[in-house]
Amino acid sequence: MANTWGYGAMTNSLGDIQNAKAIIIFGANPAVNHPVGFGHFLKAKERNNAKIIVVDPVYTKTAAKADHFCRLRPGTDIPFMYGMLHIIFKNGWHNKSFINDRVYGMDEIMEEAKKWTPEKVEDVTGVPADKLMQITEVYAKSTPGTLIWAMGLTQHTVGSSNTRLAPILQLALGNMGEEGGGTNILRGHDNVQGATDMCCLSHTLPGYYGLSDGSWKYFAKSWGVDYEWLKGRFKTKDWMNKKGFTLSRWWAGVLDGKDGNDKISNGGTNLKSLFVMGNGITSVAQQAKIKEGLDNLEMLVLCDPFVNEAAVLTDKQDDVFILPSATQFETSGSVTATNRSVQWRTKVVEPMYESKTDHEILFALAKRLGFYDEYTAGMKVKENKKDFTWPEDATDEIARIIKTIGLTGWTAKRIKKHTENWHMFDQVTGRGYGAMKGEYYGLPWPVWTETHGGSPILYNINKTVKDGGMGFRNRFGLEHDGVSQLAGLGSAPKKSSNKNGYPEITRDNIEEVLGIKLTDDEKSRIGKNWKVDTSNIIAEKCMERGIAPYGNAKARAKVWTFPDQIPLHREPLHSPRQDLVKKYPNYADKANHYRVDTQYISKQNEKDWSKEFPINLVTGRLVNMNGAGMENRASKYLAALSPEMFCDIHPDLAGRYGIRDGSMMWIHSPEGTKIKVKAKYSLSVTEDRIFLPFHFAGVFQGEDISHKYPSGTKPYAIGESANTVTNYGYDIITQIPETKGGLCRIEFA
């Protein structure tokens with residue numbers, strides 16, 4: 001299944017935020033969700049008098065530290081950003097040379113931006129026109145500016161468009177590839193980036209290699225297994241090339257259209273078993289559907305240090321297995337941070353009691369399924385070993401294979417050396433000193449060779465490729481609609497032997513683009529292109545000539561393969577503004593979207609949802625909790641800070657429904673579900689919206705189900721899950737759930 005919570009990786013780093021003169025934050029609350037990292041934001045204020053701008057439906061603790069706060073209606077980030085672009089283009093504040101040389105399709109963005117006047121943006125978003133003009137001028141004139149986002153920007157049906165338009169705003173201002181600039185996505189856990197890079201997804205192979213035959217053959221060879229054997233693991237060969245289910249909608253794969261649920265395309269069968277490892281299933285939207293899916297499984301296996309609350313949510317009594325897995329302190333290996341840097345995690349103690357590490361559990365499973373030898377073969381390939389050492393050989397296997405994001409330099413030996421010498425790196429730039437000179441802390445990818453020092457800032461042409469410089473990747477051909485996709489003259493990285501834009505480097509063009517001659521031996525060993533060149537000749541030759549192996553192209557503001565070639569505003573499926581639904585309808589329904597037929601316009605037009613459900617529902621985190629809250633609520637000290645589930649509600653809204661501060665209230669969703677929670681008066685929300693934390697479980701639609709916890713495992717705090725009332729709705733590209741733009745109604749309990 002695919003875990004599609006995040007979009008992309010940080011182009012810069014948390015430390016580099018200290019170089020910013022302006023910081024604009026969309027749908028993120030780092031003061032609460034990333035409190036240590038937020039120190040860099042505050043240091044930017046101290047060092048540079050950096051202006052912090054927060055754009056959010058809720059007045060957060062981050063907003064309390066901001067110079068400017070823009071409270072917008074959930075699901076209207078695109079109009080807001082187009083409003084900024086309207087003002088930027090109108091006043092000539094955009095970086096014309098950067099756009100001309102390094103961006104494709106900005107002219108169409110300019111045309112769309114003309115429609116979004118400050119007055120129109122005010123009507124759609126709720127942000128006053130003068131506030132929009134004020135913050136746009138501050139941000140546009142305070143360069144470099146960095147742009148931050150998190151799940152508040154991604155968890156919408158238009159999440160993919162949101163996360164395209166945010167970088168387009170940075171491209172328009174020339175803030176990409178600059179110290180103190182870039183787009184900096186805040187991941188929620190220490191290895192979300194690593195999990196994504198290693199393909200905890202269903203639409204790619206590790207390292208974002210596609211599901212094409214060529215990719216499969218490359219991995220078969222790299223893993224040391226027979227391609228025909230690998231092909232035989234699938235029902236038929238064509239299933240190798242198809243996306244799987246996502247974490248958001250695995251339950252639809254179980255239900256297979258039953259009782260009015262969305263139909264699936266899964267080779268004529270439904271899902272029968274679910275194997276969960278380290279994932280809070282209760283932190284996913286549509287908890288009632290998740291329960292239905294759990295109840296209809298033939299087998300459920302849950303691997304966690306704490307009881308995964310899926311075991312408590314389900315009524316299923318048979319063939320539910322809870323495997324005690326070890327914590328991070330009982331194992332070792334690498335983890336990848338949000339800024340693309342890697343760090344070695346060292347084992348503190350041996351696994352306690354009957355717990356086993358994740359890899360031991362997976363190895364045991366592979367043995368029982370009969371493919372352990374093939375599963376572990378890749379760790380023996382490099383030195384033709386008879387056995388492997390965990391996790392070092394697994395780490396070196398990754399470094400040997402993953403070229404697409406440049407992990408060649410991520411050998412276990414180098415990673416350990418960085419972690420052991422963390423004190424020899426500058427906090428802001430990441431640059432090393434002494435024995436670590438010439439390297440950046442954690443070797444932020446791409447790390448093109450085993451001696452490359454890492455790339456702290458993506459797309460920075462002010463550095464040599466050896467020192468982490470690069471242009472934009474040439475990924476989508478050499479031209480589109482007759483327009484070259486390669487970067488303009490003079491837009492190559494510093495000291496490049498080729499001052500122009502150039503294509504990605506292949507066996508066929510390397511001599512021409514680099515201006516070199518290969519020896520016969522090199523020609524016999526070189527791979528087809530930089531992505532599959534295990535000899536690493538392409539990368540080594542590129543370093544010598546100051547060339548980025550993936551080419552030097554223009555960034556795409558226009559994506560011709562997406563439903564919306566440029567980002568467009570589309571109202572949430574459950575919108576409080578029926579008048580705007582007619583002007584900005586959502587997408588057409590999408591069949592076989594990650595194997596599930598997914599509703600868009602049909603759900604939006606089913607009724608005027610705002611009549612029955614007039615209140616916006618916003619969810620988010622608490623500083624003492626994390627995700628599903630399984631570990632945190634098992635701590636009496638953390639649980640004491642948030643002992644019960646609650647709802648932040650404006651006193652005037654509560655008063656209209658007879659709800660007093662501290663009284664119980666019902667929250668109903670358009671899906672026919674409800675939760676019973678304690679009202680907490682708060683002025684952080686306005687009268688048209690409420691806020692719910694999403695860390696609780698153990699109560700389901702008013703029923704205490706905590707008696708289902710195995711003896712001795714009940715956490716100190718239980719409560720309703722906010723995700724029981726989050727609405728139906730999924731991103732058109734990734735299928736991430738629309739948890740940040742739903743509706744509800746409330747009543748006194």
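Structure report, in brief. (Residues numbered from 1 in each chain as written. Predicted model: local features only at pLDDT ≥ 70, side-chain atom pairs only at ≥ 80, totals over all residues. Heavy atoms only, no water.)

**Considering the sheet that holds strand 7 (residues 273–277)**
Reasoning step 1: If you trace the 3 strands from one edge of the open sheet to the other, you get 7-8-9, paired in parallel fashion. The outermost strands of the open sheet, each flanked by one partner alone, are strand 7 and strand 9 (320–324). Ignoring strand direction, the axes of neighbouring strands in this sheet form an average angle of 10 degrees.
Reasoning step 2: The pairing of strand 8 (residues 299–304) with strand 9 spans 5 bridges and is classified as parallel. Residue V301 lies in a different strand from strand 9, and its bridge partner there is F321.
Reasoning step 3: The strands touched by helix 16 (residues 358–369) within the sheet are strand 7, strand 8 and strand 9, with strand 7 carrying the most contacts at an inclination of about 155 degrees. (Pairing = 2+ DSSP bridges. Helix = DSSP H or I, 4+ residues; strand = E, 2+ residues; numbered from the N terminus. Axes fitted to C-alpha atoms, helices over the stretch in contact; angles between N-to-C directions. Contact = heavy atoms within 4.5 Å.)

**So, helix 2 (residues 38–48)**
Reasoning step 1: For helix 2, every residue scored as buried is listed here: F38, H40, F41 and A44. Taken down its axis, helix 2 places every buried residue within 160 degrees of arc, on the same side.
Reasoning step 2: Immediately beyond the C-terminal end of helix 2, within one or two residues, lies N49, with a positive phi of roughly 55 degrees. (Buried < 20%, exposed > 50% of the residue type's maximum accessible area, 1.4 Å probe, protein only. Arc of directions from axis to C-beta.)

**Structural notes on the packing of helix 3 (residues 77–90) against helix 7 (residues 129–141)**
Reasoning step 1: In contact at an axis separation of 9 Å, helix 3 and helix 7 are set at 65 degrees when each is read in the N-to-C sense. On the basis of the axis angle, helix 3 is roughly perpendicular to helix 7. Pair helix 3 / helix 7 crosses with right-handed handedness. Along its contact with helix 3, which presents F80, G83, M84, I87 and I88, the element helix 7 presents L132, M133, I135, T136, Y139 and A140. (Parallel < 35°, antiparallel > 145°, perpendicular 65-115°, else oblique. Left-handed = near helix turned anticlockwise from the far one by under 90°.)

**Considerations on the sheet that holds strand 22 (residues 698–700)**
Reasoning step 1: Taken in spatial order, the 3 strands make up an open sheet running 23-22-24, and their pairing is mixed. Two strands lie at the open edges of the sheet, namely strand 23 (703–704) and strand 24 (719–720), each paired on one side alone.
Reasoning step 2: Bridge count between strand 22 and strand 24: 2 bridges; the pairing is parallel. When the sheet's bridge partners are listed, V699 is paired in strand 24 with E720.

**Structural notes on the state of the cysteines**
Reasoning step 1: All chains considered together, the criterion is met by 0 disulfides.
Reasoning step 2: Not engaged in a disulfide, the cysteine C199 finds its nearest cysteine sulfur in C200; these two sulfurs lie 7.2 Å apart. (Disulfide = S-S within 2.5 Å.)

**With respect to a nonpolar patch on the surface**
Reasoning step 1: Together, F275, M299, F321, L323, L365 and L369 make up an exposed nonpolar region whose accessible area comes to about 470 Å².
Reasoning step 2: Those elements that provide at least two residues to the nonpolar patch are strand 9 and helix 16.
Reasoning step 3: Along the chain, the position of L369 falls in helix 16. (Patch = residues over 30% accessible without salt bridge, like charges linked within 9 Å, V, L, I, M, F, W, Y side chains within 5 Å. Areas by Shrake-Rupley, 256 points an atom, 1.4 Å probe, with all protein chains shown as cover. Salt bridge = Lys/Arg side-chain N within 4 Å of Asp/Glu carboxyl O.)

**Side note on the packing of aromatic side chains**
Reasoning step 1: Enumeration over the complete set of coordinates arrives at 24 aromatic pairs.
Reasoning step 2: The interplanar angle of 25 degrees and the centroid separation of 5.4 Å between the aromatic rings of Y209 and Y218 together place this pair among those described as stacked.
Reasoning step 3: By relative accessible area, which is 4% here, Y209 ends up buried.
Reasoning step 4: For Y218, a relative accessible area of 8% gives the class buried.
Reasoning step 5: Aromatic side chains W448 and W530 sit 6.2 Å apart centroid to centroid with 75 degrees between the ring planes, which places their arrangement in the edge-to-face category. (Phe/Tyr/Trp six-rings, centres within 6.5 Å; stacked < 30°, edge-to-face > 60°.)

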